[in-house]
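Understanding the architecture of this molecule
Spelled out from the first residue to the last, the chains are:
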Amino acid sequence: MARHITLITGQWGDLSAEKLFELMSGIGYEGLELACGGDHFDVRRAITEPDYCEKKRAQLKKYHLDCWAISNHCLGQVILDQLDERHKAIVPDYVWGDGDPEGVWRRAAEEMKDTARAAKKFGVEIVTGFTGSSIWPYLYSFPPVPQKWIDDGFKLLKERWTPILDVFQEEGVKFALEVHPTEIAFDIHSAQMALDALDNHPAFGFNFDPSHLIWQGMKPEQFIYAFPDRIFHVHMKDAGLQLDGRNGVLCSHVNFGDARRGWDFRSLGHGDVNFEEIIRALNHIDYCGPLSVEWEDSGMDRIFGATE
């Protein structure tokens, strides 16, 4: 079953769209999952400038590239998170404003609705991203966490995201949450809880990324089998466990790339993800969308890795 091979541009934000498009076309990618931000894809310009989307398509075509999804991960993160100074660095200044949390999440929600509108105008049917989570800090239940706090976290998901998803539905665009630590859904069971909280909203599904599941001890392909009708998009990304008896999967507050970590992201085929089982699972559910490489490996040259 042939699928388009694309690359998400978020980790390549230091390169202009023109330079990146030329580079990835030369490497052999068929398309790009354009990250919202900088000149890769500008939501505001897509909404307000009549010819922006046409010009962006022409820029892609110049390098024989296509686009089937856009990404707005960082914007979605602030909609549910308990906000602090870290979040200021990941959203546009006009979204952060004075930093008052109520204003930030409301502006982010409106921008996410506009992302759906921009996607429709650009001719793509998938937006990948994050939701954030007001309850991630309570992952380890000590001091004991009242169940009501967890329930309220999923109620907040419904309250804040349902109006956004309604706009996605109106525009014929789907939102694909990347199941990921720090999100409201980070494994199979929390993903089901999110679906339940949203009353199985038809515009809500998942961007499957095995790298975030493998180090949790899961078999990532089981996520595909669990949600066959909700896999809207797929990231191809690897991670390798490097447990030595002295470290663990919580990684001791040491950053990515540090040899003391218990796991790290790896270039495709250099970690512990069994991609054959993943492809077989995708075949089983008749997934026909792109396979989008999310390249991230602090131990390898990125041009070499993206090419390989």
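Computed from a predicted model, the values in this text were never measured in an experiment.

Within the secondary structure layout, Ser292 lies in strand 10 (residues 291–293). Polar contacts involving the side chain of Ser292 include one to the side chain of Thr6, which spans 3.1 Å. Residues in contact with Ser292, not counting those within four places in the same chain, are Thr6, Leu7, Ile8, Glu33, His233, Val234, His235 and Met236.

Once that is clear, we can look at the pairing of strand 2 (residues 31–35). Of all the 5 residues making up strand 2, 5 are buried; the element is thus mostly covered by neighbouring parts of the structure. Side-chain alternation along strand 2 places Gly31, Glu33 and Ala35 on one buried face and Leu32 and Leu34 on a second face that is also buried. Pairing analysis gives 3 bridges linking strand 1 (residues 5–8) to strand 2, with the strands arranged parallel. Looking at the pairing, Leu7 lines up with Leu32 of strand 2. Considered for its hand, the β-α-β crossover made up of strand 1, helix 1 (residues 17–27) and strand 2 is right-handed. Pairing between strand 2 and strand 3 (residues 70–71): 2 bridges, direction parallel. Its bridge partner lying in strand 3, Leu34 is registered against Ile70.

Glancing now at the packing of aromatic side chains. Scanning the entire structure with this criterion turns up 16 aromatic pairs. Taking the centre distance of 5.6 Å and the plane angle of 75 degrees together, the rings of Phe204 and Phe206 count as edge-to-face. Looking at Phe204, the relative accessible area reads 1%, which means it is buried. On the numbers, 5.7 Å between centres and 70 degrees between planes, the contact of Phe256 with Trp263 is edge-to-face. Classification of Trp263 as buried rests on a relative accessible area of 5%. Grouped by ring-pair contacts, the aromatic residues Trp161, Phe168, Phe175, Phe204, Phe206, Phe208, Phe223 and Phe227 constitute a single cluster. Across from the ring centre of Tyr94, 3.5 Å away, lies the NZ or CZ of Arg44, which sits over that ring. The ring centre of Phe265 lies 3.6 Å from the NZ or CZ of Lys237, which sits over that ring.

Bringing the nonpolar core into the picture now. Ranked by internal contacts, the top residues of the largest apolar core, which has 91 residues, are Phe41, Ile70 and Trp161. Not counting residues within four places of it along the chain, the set of residues in contact with Ile70 comprises Glu33, Leu34, Cys36, Phe41, Thr115, Ala119, Phe122, Val124, Ile126, Val127 and Thr128.

Before going further, it helps to spend a moment on the packing of helix 8 (residues 147–171) against helix 9 (residues 188–197). For any two helices packed against each other, one specifies the crossing angle of their axes together with the interaxial distance. It is at 9 Å that the axes of helix 8 and helix 9 come closest, and there the two elements cross at 50 degrees. One way to sum up the angle between helix 8 and helix 9 is to call them oblique. Helix 9 is crossed by helix 8, and the crossing has right-handed handedness. Contacts between helix 8 and helix 9 involve Phe154, Leu157 and Lys158 from the first element and Ser190, Met193, Ala194 and Ala197 from the second.

A few words on helix 7 (residues 101–122). Spanning 22 residues, helix 7 covers 31 Å between terminal C-alpha atoms, matching the ideal 32 Å at 1.5 Å per step. Two residues or fewer after helix 7 comes Gly123, characterised by a positive phi angle close to 90 degrees.

Another point: the pattern of salt bridges. Within the structure shown, the criterion is met by 15 salt bridges. Here Arg302 and Asp14 are joined by a salt bridge, their closest N and O atoms 2.8 Å apart. With Arg302 in helix 13 (residues 302–307) and Asp14 in the loop between strand 1 and helix 1, this residue pair connects regions lying 288 residues apart in the sequence. Judged by relative accessible area, which is 24%, Arg302 ranks as partly exposed. With its nearest N and O atoms 3.8 Å apart, the salt bridge here joins Glu294 to Lys237. Here Glu294 is found in the loop between strand 10 and helix 13, whereas its partner Lys237 is found in the loop between strand 7 (231–236) and strand 8 (238–241), with 57 residues between them in sequence. When sorted by exposure, Glu294 lands in the same class as Lys237, which is buried. Through salt bridges with shared partners, a single ionic network connects Lys237, Glu294 and Glu296.

Here the focus is the sheet that holds strand 3. The parallel closed barrel is built from 8 strands, whose spatial order is 1-2-3-4-5-6-7-10. Across 2 bridges, the pairing between strand 3 and strand 4 (residues 126–129) is parallel. Within strand 4, the position partnered with Ser71 by the bridge is Thr128.

A separate point is the layout of surface pockets. A probe matching the size of a water molecule, rolled over the atoms, marks out where space remains unfilled. Computed from the structure, the second largest pocket encloses a volume of approximately 250 Å³. For the lining of the second largest pocket, the class distribution of residues is 8 nonpolar, 5 polar and 3 charged.

Rules of the game
Positions within a chain are numbered from 1, following the residues in the order the chain's sequence is written. For this predicted model, a pLDDT threshold of at least 70 governs which residues receive local features, and a threshold of 80 or more governs which side-chain atom pairs are given and counted, while totals over whole chains, interfaces and linings are taken from all residues. Processing note: side-chain calculations cover all non-hydrogen atoms of the structure and skip hydrogens and water entirely. Segments assigned H or I by DSSP are reported as helices when at least four residues long, segments assigned E as strands when at least two residues long, and all are numbered from the N terminus. In the analysis that follows, any N or O atom pair within 3.5 Å is treated as a polar contact, provided that within protein one partner can donate a hydrogen and the other can accept it, and provided that, for residues neighboring in sequence, both atoms belong to side chains. It only takes one pair of heavy atoms within 4.5 Å for two residues to be counted as in contact. Each residue is placed in one exposure class: buried if its accessible area under a 1.4 Å probe, protein chains only, is under 20% of its type's maximum, exposed if it is over 50%, and partly exposed if it falls in between. Any two strands with at least two DSSP bridges between them are considered paired. A crossover gets the label right-handed when its path from the first strand over the helix to the second runs clockwise, viewed with the strands pointing away from the viewer. The criterion for an aromatic pair is that two Phe, Tyr or Trp rings (for Trp, the six-membered ring) have centres within 6.5 Å, with stacked assigned to planes under 30 degrees apart, edge-to-face to planes over 60 apart and tilted to the rest. Put simply, a charge is over a ring when the Lys NZ or the Arg CZ is close to the ring centre, within 6 Å, and near the line of the ring normal, within 35 degrees. For our purposes a nonpolar core is just a set of buried Ala, Val, Leu, Ile, Met, Phe, Trp, Tyr and Cys residues, chained together by side-chain atoms within 4.5 Å. Geometry is summarised by axes, namely lines fitted to C-alpha atoms with helices restricted to the contacting stretch, and by angles between N-to-C directions that run from 0 to 180 degrees. Note on angle classes: values under 35 degrees are labelled roughly parallel, values over 145 roughly antiparallel, values of 65 to 115 roughly perpendicular, and the remainder oblique. Should the near helix be turned counterclockwise from the far one by less than a right angle, the crossing is left-handed, whereas a clockwise turn marks it as right-handed. Given a helix with a known number of residues, its expected span is that number minus one, times 1.5 Å. Any carboxyl oxygen of Asp or Glu that lies within 4 Å of a side-chain nitrogen of Lys or Arg is treated as forming a salt bridge with it. In this analysis the probe radius is 1.4 Å and the grid spacing 1 Å, with only protein atoms considered; a cavity is a set of points the probe fits into but cannot get out of, a pocket is an open set with protein on both sides within 12 Å along at least five of seven lines, and lining residues have an atom within 4 Å of a point. Grid points are joined across faces, edges and corners, and a volume is the space filled by probe spheres set on the points. For this classification, the nonpolar set comprises Ala, Val, Leu, Ile, Met, Phe, Trp, Tyr, Cys and Pro, the charged set comprises Asp, Glu, Lys and Arg, and every other residue, Gly included, is treated as polar.

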